[in-house]
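Next come the chains, spelled out residue by residue.
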Amino acid sequence: MKRVVVKVGTHVLSEQNRLCKERILNLVEFLVALMEKHEVILVSSGAVAAGYSILKLDKKLLHNRQAIAAVGQPQLMATYNKKLEKFGKSGAQLLLTADDFDSRKRCYHAKCTIDTLLENGILPIINENDATATEELVFGDNDQLSSRVAYYFGADLLILLSDIDGYYDKDPHKHDDAKMRKIVHEIEPSELEVEKSANFAFATGGIVTKLKAADFLLERKKSMFIASGFDLSDVKSFMLEGVHQGGTLFTSKD
Ligand code: ADP
């Protein structure tokens, strides 16, 4: 049984500043199917979107986003658990920061917790601890965190469910002739320097943070798959049927 990490971003989880319950249900339905075949860990953003309907502060200020995330995190977990219950499953919350992976002791304890949860059929749901760390809120939208989670917690594959359905040879929102790259074995240093996407202003990662996550995993002989989080058909056929229809697979050659 393989261990896989699924990371889902703010855009997929929210719509007009609130959680999109229908997409969360679709996601949970997929995760439950995946749990039949693999050990699954979820890395989920979305706390700010979940908290904003309760605490409407100016999101441009970092402290406000941290406070909104603190309000939203339990709401987000409640939403996941409500959907998981429909399938007889439960989720557990782990709030981590990048520093936790720098400490061998903290990382070991977190991995033991994850192992025990997985042995007992619980879905670990990880988010950044936004009150003490701000990487996700400022830059990255958990792309970096999820690559560390995948590597340090012993997963073979990281799946990024994004607003984009794969990695293209150029930005598909700017170029009509952009072509999706189905398999990528290596990332050139120049690709990691691409100008930050327009979404940067709204505190999410853009494609560069995803490529950095892929680069981190490729260097360690692990794989990453990017597919759409809006339409789950590509990730379903790849993970549940073993057919690589759409989406980009980053995997080392040997
Ligand atoms: P998410 O919120 O799902 O984490 P982002 O919106 O932060 O995702 O990043 C994905 C965006 O990156 C795409 O919508 C796309 O506009 C942009 N992008 C820039 N270059 C590329 C590329 N070569 N391939 C795919 N997407 C790209």
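These numbers come from a predicted model, not from an experiment.

The rules behind these values
Residues numbered from 1 in each chain as written. Predicted model: local features only at pLDDT ≥ 70, side-chain atom pairs only at ≥ 80, totals over all residues. Heavy atoms only, no water. Helix = DSSP H or I, 4+ residues; strand = E, 2+ residues; numbered from the N terminus. Buried < 20%, exposed > 50% of the residue type's maximum accessible area, 1.4 Å probe, protein only. Polar contact = N/O pair within 3.5 Å; in protein donor to acceptor, adjacent residues only side chain to side chain. Contact = heavy atoms within 4.5 Å. Pairing = 2+ DSSP bridges. Axes fitted to C-alpha atoms, helices over the stretch in contact; angles between N-to-C directions. Phe/Tyr/Trp six-rings, centres within 6.5 Å; stacked < 30°, edge-to-face > 60°. Core = buried A, V, L, I, M, F, W, Y, C linked by side-chain atoms within 4.5 Å. Parallel < 35°, antiparallel > 145°, perpendicular 65-115°, else oblique. Left-handed = near helix turned anticlockwise from the far one by under 90°. Nonpolar A, V, L, I, M, F, W, Y, C, P; charged D, E, K, R; others polar.

**Let's talk about the side chain of Ser228**
Position of Ser228 among the secondary structure elements: in strand β11 (residues 223–228). Judged by its relative accessible area of 10%, Ser228 is buried. Among the polar contacts listed, one links the side chain of Ser228 to the backbone nitrogen of Phe230, at a separation of 3.0 Å. A polar contact of 3.0 Å, which involves the side chain of Ser228, links it to the backbone nitrogen of Asp231. Apart from the residues lying within four places of it in its own chain, the contact partners of Ser228 are Leu161, Ser162, Ile164 and Asp165.

**What to know about the pairing of strand β1 (residues 3–8)**
Buried residues dominate β1, accounting for six of its six residues. Neither face of β1 is exposed, since Arg3, Val5 and Lys7 on one face and Val4, Val6 and Val8 on the opposite face are all buried. Across six bridges, β1 lies against strand β4 (residues 39–44) in parallel orientation. Considered in β4, the bridge of Val5 is made with Ile41. Both β1 and strand β7 (residues 157–162) contribute to a ladder of five bridges, which runs parallel. In the sheet register, Val6 faces β7, and the bridge partner there is Ile159.

**So, helix α10 (residues 233–240)**
All buried positions along α10 are accounted for by Asp234, Val235, Ser237, Phe238 and Met239. Looking at the buried side of α10, the elements it contacts are β1, α2 (21–37), β7, β11 and β12 (248–250). A positive backbone phi angle near 70 degrees is found at Gly242, which sits one or two residues after α10.

**Points about the sheet that holds β1**
Judged by pairing direction, the sheet is mixed, and its eight strands sit side by side in the order β5-β6-β4-β1-β7-β11-β12-β10 without closing on themselves. The sheet is open, and its two edges are formed by β5 (91–96) and β10 (183–184), each paired on a single side. Bridge count for β4 against strand β6 (residues 123–128) is two bridges, and the pairing is parallel. Its bridge partner being in β6, Leu42 is matched across the sheet by Ile125. Sheet contacts for α10: β1, β7, β11 and β12; angle to β11, the most-contacted strand, approximately 145 degrees.

**Details of the packing of aromatic side chains**
Taken as a whole and judged by the stated rule, the model has six aromatic pairs. Considering the side-chain rings of Phe101 and Phe153, the 5.5 Å spacing of their centres and the 45 degrees angle between planes classify their relative orientation as tilted. Taken together, the residues Phe101 in helix α5 (residues 98–102) and Phe153 in the loop between α8 (143–152) and β7 connect sequence positions 52 residues apart. Residues Phe101 and Phe153 agree in their burial class; the two are buried.

**Some thoughts on the nonpolar core**
Counting 34 residues, the largest nonpolar core has Tyr80, Ile159, Leu161, Val235 and Met239 as its most contacted members. A total of eight residues in this core trace back to one element, the largest contributor, which is α2. Residues in contact with Leu161, not counting those within four places in the same chain, are Val6, Lys7, Val8, Gly9, Val12, Leu27, Ala227, Ser228, Gly229, Leu232 and Val235. Counting 33 residues, the second-largest nonpolar core is a separate cluster that includes Ala92, Ile114, Ala213 and Met224.

**Things to note about the environment of Asn127**
Its location among the elements puts Asn127 in strand β6. When its relative accessible area of 1% is taken as the criterion, Asn127 is described as buried. Note: C-alpha distance between Asn127 and Leu96 (31 residues apart in sequence) is 6.4 Å. Aside from chain neighbours lying at most four places away, what touches Asn127 is Ser44, Ser45, Ala47, Gln73, Leu76, Leu94, Leu95, Leu96, Glu136, Asn142 and Leu145. Within the structure, the side chain of Asn127 is placed 3.3 Å from the backbone oxygen of Ser44, a separation counted as a polar contact.

**Considerations on the packing of α2 against helix α4 (residues 62–85)**
The N-to-C vectors of α2 and α4 enclose an angle of 55 degrees; their axes lie 9 Å apart at closest approach. The angle between α2 and α4 places the two elements in the oblique class. Like other packed secondary-structure pairs, α2 and α4 cross with a definite hand, here right-handed. Counted together, Lys21, Ile24, Leu25, Leu27, Val28 and Val32 of α2 and Thr79, Tyr80, Lys83 and Leu84 of α4 form the full contact between these two elements. In terms of residue class, the contact of α2 with α4 is made up of seven nonpolar, one polar and two charged.

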